[in-house]
Amino acid sequence: MKHRKILLIPIYIVLILVAIIYIFPFIYSFLGSLMSYQEIMSYPPKFLPSSPSFSTYRTIFELEFAHTKLFPRWILNSVVISLSVTALNMFFASLAGYAFAKINFKGKNVVFLLFLSTLMIPGFTLLPTQYLIMQKLGWIDTYFALIIPSMCTVFSIFLMRQFYQAIPNDLMDAAKIDGCSPFGVYRRVALPLSKPALSALAIYTFMGSWNGFQAPLFFMHRIEMYTLPLGMSFFKTQQYVFYNQVLAGSIFTILPTLVVFLIFQKYFVKGIAFTGMKF
Amino acid sequence: MKFKTQENLCGYLFIAVPLAILLVFSFFPMACTLFISFHKWPMLGFERPFIGLENFYRLFKDDVFWIALKNTFLYTIIVVPSQTFLALFLAVLANKGIRGQTFFKTSYYVPAVVSSVAISLVFIWFYRGDGFINYLLSFFAIDGPNWLNDPTFALPAIILMNIWTTSGYFMIAYLAGLQSIPAQLYEAAKIDGASAWSRFWRITCPLLRPTTLFIVILSVIGCLQVFDQVYVMTSGGPYPYATTTINYLIWQKFSFGRLGYTAAIAWVLFVIILVVTLIQKKFIKGEVEY
């Protein structure tokens, strides 16, 4: 037993070293956001702020453009868009996922293949035409452009379908025999069971939407309609911006997803298990 | 109403909205992008003449497109194996019955869940000429380049960062795969006198094949579409040495408003991704029996 413990020591050392490499950039950039501009650009690099202050955060929250405080506005945009996308996905994906897993309707397999085939289509192929559609609909620079196309993604539907498929049919059959309608079976039997899958789905969707970049880049042109990541990338290109402000903004973009992840991480691993390696 | 009819109705009702969204925002655009690619289609202006394969022909002769394509493949060929090996290595170590497995899993996963734009911004700071990375290198008496402004080092800088970002995600996938291998197999092999090394090669590797297939296919598809990091960190510069395909595509739309040409690039890349994925599925067989 002792022998085995000694063997584990090098493994711990490697794992801890790697963990430091993975976490350090976040801690360091947080520390950087508390430094002054001079400190942040100094060489050799400083690791601890000499007089830590949150003044950089205050500065970026006060930045104005055309009487709008940009940063709070970007946060609002990101929050509204990602929460709507998340809620809509939970609703529609659980319905459709259930239909594909447990309801025997005509042409189900063909339609499901049709759905799956879109997983092969990379997002960028659609963007040029989606742009034209948004223009026609007058949705450029509106929340619709980012919410509607991703309100029920195939990935979400697939995740829910995999989950519902694992529920034994006996449960459904019992409810049917007791006189439940197909909708009743979903509402009373399947839905109450799907909390873990819905949680995993919610977290994935929220993060994907919050971190999304290409779609906002294509569809949001007015600066006050930017999402947080788009705003940050724009922020960087402005010559007069100081780097401690960019760091503070990045920390702010990272924080919500990080917190959600740390709280709900067990669902993450579950999500991987649901969609599974069943390729 | 009969239960069967009810069931049909219910099924269609449940999938109606997703189906409509899919038709309008996926299938229609997919076909339409192909249609646009056969036209000269400026974003402003109303002349949109049909030009047949001209966009594709021009693309074929476009030097910058070839550079972008070469960079994209270089990026994929380096990132995919490195991150897969790293992920497997970390997963095998973390699966050795150590304490604090959750802590390690969490810390490796963190870069994969946060905004790629924010990470890129942070790394611009690290990669500065007199930034943190070069400071580290100076301990080994290496005079680091000005990474992101150097034609030779801009792409490697992004590659390194992305291996760091994504390996944690795949490590968790591998860990799940490892934990699904029945322990009896290892015990039986041990009794038969198999060394740790041959247990790894004869048991772990073959049984992880479905996981590997999943990881490699997903990450190749992802890598061929690399965009956010390149756009934020270098905008594909120093032009055109570090541009990638999608970056070039976006650039054609935003700088020149050439929607037809943009669409042609999109379709060529789509076909490439499709072919590469099919080839992989053929070569790494997913099914394992035991």
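Predicted model, so just to flag it, every value in this text is computed and none were measured.

A. View of the overall build of chain B. Each helix and strand in chain B was counted, giving 13 helices and zero strands. Along its sequence from the N terminus, chain B presents helices and strands in the succession α-α-α-α-α-α-α-α-α-α-α-α-α. The C-alpha atoms of chain B give 24 Å as radius of gyration, which overshoots the globular expectation for 290 residues (19 Å, by more than 25%). Taking the principal axes of the C-alpha coordinates as reference, chain B spans close to 80 × 75 × 30 Å. By the burial criterion, 42% of the 290 residues in chain B qualify as buried. If you take every contact in chain B between residues at least 6 apart in sequence, the share linking residues at least 24 apart comes to 71%.

B. Representation of the overall build of chain A within the structure. Counting its secondary structure elements, chain A contains 14 helices and two strands. A globule of 279 residues ought to have a C-alpha radius of gyration of about 19 Å, yet chain A, at 24 Å, is considerably larger. When its C-alpha atoms are laid out on the principal axes, chain A stretches across 75 × 70 × 30 Å. Out of the 279 residues belonging to chain A, those deemed buried represent 42%. For chain A, the proportion of contacts with a sequence separation of at least 24, taken over those separated by at least 6, is 74%.

C. Quick look at unusual backbone geometry. Of note, the bond from A:Tyr43 into A:Pro44 is cis; its omega dihedral lies within 30 degrees of zero at -5°. On the secondary structure map, A:Pro44 appears in the loop between helix 2 (37–40) and helix 3 (55–62). Positioned with a positive phi, A:Asp141 is a non-glycine residue whose angle comes to about 65°. Its location among the elements puts A:Asp141 in the loop between helix 6 (123–137) and helix 7 (144–147). Even without a glycine there, the phi angle at B:Ala141 is positive, about 55°. Take B:Ala141: it is sitting in the loop between helix 6 (132–138) and helix 7 (154–179). Owing to 6 C-beta atoms within 10 Å, B:Ala141 belongs among the exposed residues under this scheme.

D. Focus on helix 11 (residues 195–211) of chain A. Look at helix 11 of chain A: 24 Å from first C-alpha to last across 17 residues, which is about the 24 Å you get at 1.5 Å a residue. Burial within helix 11 of chain A is extensive, with 12 of its 17 residues counted as buried.

E. Inspection of the domain arrangement of chain A at higher detail. Residue and element names in this part refer to chain A. Segmenting chain A into domains produces domain 1 (1–53) and domain 2 (70–275). Inter-centroid distance (C-alpha atoms) of domain 1 to domain 2 is 33 Å. Tallying the contact residues gives 10 residues for domain 1 and eight residues for domain 2. Contributing elements (two or more residues each) for the side of domain 1 that touches domain 2: helix 1 (2–33) and helix 2.

F. The interface of chain A and chain B, seen in detail. Of the residues lining the interface, 69 residues belong to chain A; the matching set on chain B comes to 69 residues. Counting residues per element, the ones that place at least two in the side of chain A that touches chain B are helix 1, helix 4 (70–102), helix 5 (108–117), helix 6, helix 10 (182–193), helix 11, helix 13 (228–237) and helix 14 (243–275) of chain A. A per-class count over the side of chain A that touches chain B returns 51 nonpolar, 15 polar and three charged.

G. Region of the structure containing the nonpolar core. All names here are of chain A. In this structure, Ala 96 and Tyr 98 are the most contacted members of the largest nonpolar core, which totals 149 residues. Looking at this core element by element, the count peaks at 15 residues for helix 4. Residue contributions to this core reach at least three from each of two domains, namely domain 1 (1–53) and domain 2 (70–275).

H. Geometry of the packing of helix 8 (residues 154–165) of chain A against helix 11 of chain A. Residue and element names in this part refer to chain A. Here helix 8 crosses helix 11 at 165°, and the two axes come no closer than 10 Å. Put simply, helix 8 runs roughly antiparallel to helix 11. With respect to the hand of their crossing, helix 8 and helix 11 are arranged in right-handed fashion. Residues Ser 156, Leu 159, Met 160 and Phe 163 of helix 8 form the contact with helix 11, whose own contacting residues are Ala 197, Ala 200, Leu 201 and Thr 205. Of the residues in the contact of helix 8 with helix 11, the class split is six nonpolar, two polar and no charged.

I. Looking closely at the packing of helix 3 (residues 63–94) of chain B against helix 7 of chain B. All names here are of chain B. Close contact between helix 3 and helix 7 brings their axes to 6 Å; oriented N to C, the two are set at 40°. The angle between the axes of helix 3 and helix 7 places the two elements in the oblique class. For the pair helix 3 and helix 7, the sense of crossing is right-handed. Grouping the constituent residues of the contact of helix 3 with helix 7 by class yields 18 nonpolar, seven polar and no charged.

Cut-offs applied
- Residues numbered from 1 in each chain as written.
- Chains lettered and ligands numbered in written order.
- Predicted model: local features only at pLDDT ≥ 70, side-chain atom pairs only at ≥ 80, totals over all residues.
- Helix = DSSP H or I, 4+ residues; strand = E, 2+ residues; numbered from the N terminus.
- Rg over C-alpha atoms; globule rule 2.2 N^0.38 Å.
- Buried ≥ 20, exposed ≤ 12 C-beta atoms within 10 Å, placed from the backbone.
- Contact = placed C-beta atoms within 7 Å.
- Expected span 1.5 Å × (residues − 1).
- Domains from an automatic or database assignment.
- Nonpolar A, V, L, I, M, F, W, Y, C, P; charged D, E, K, R; others polar.
- Core = buried A, V, L, I, M, F, W, Y, C linked by C-beta atoms within 7 Å.
- Axes fitted to C-alpha atoms, helices over the stretch in contact; angles between N-to-C directions.
- Parallel < 35°, antiparallel > 145°, perpendicular 65-115°, else oblique.
- Left-handed = near helix turned anticlockwise from the far one by under 90°.

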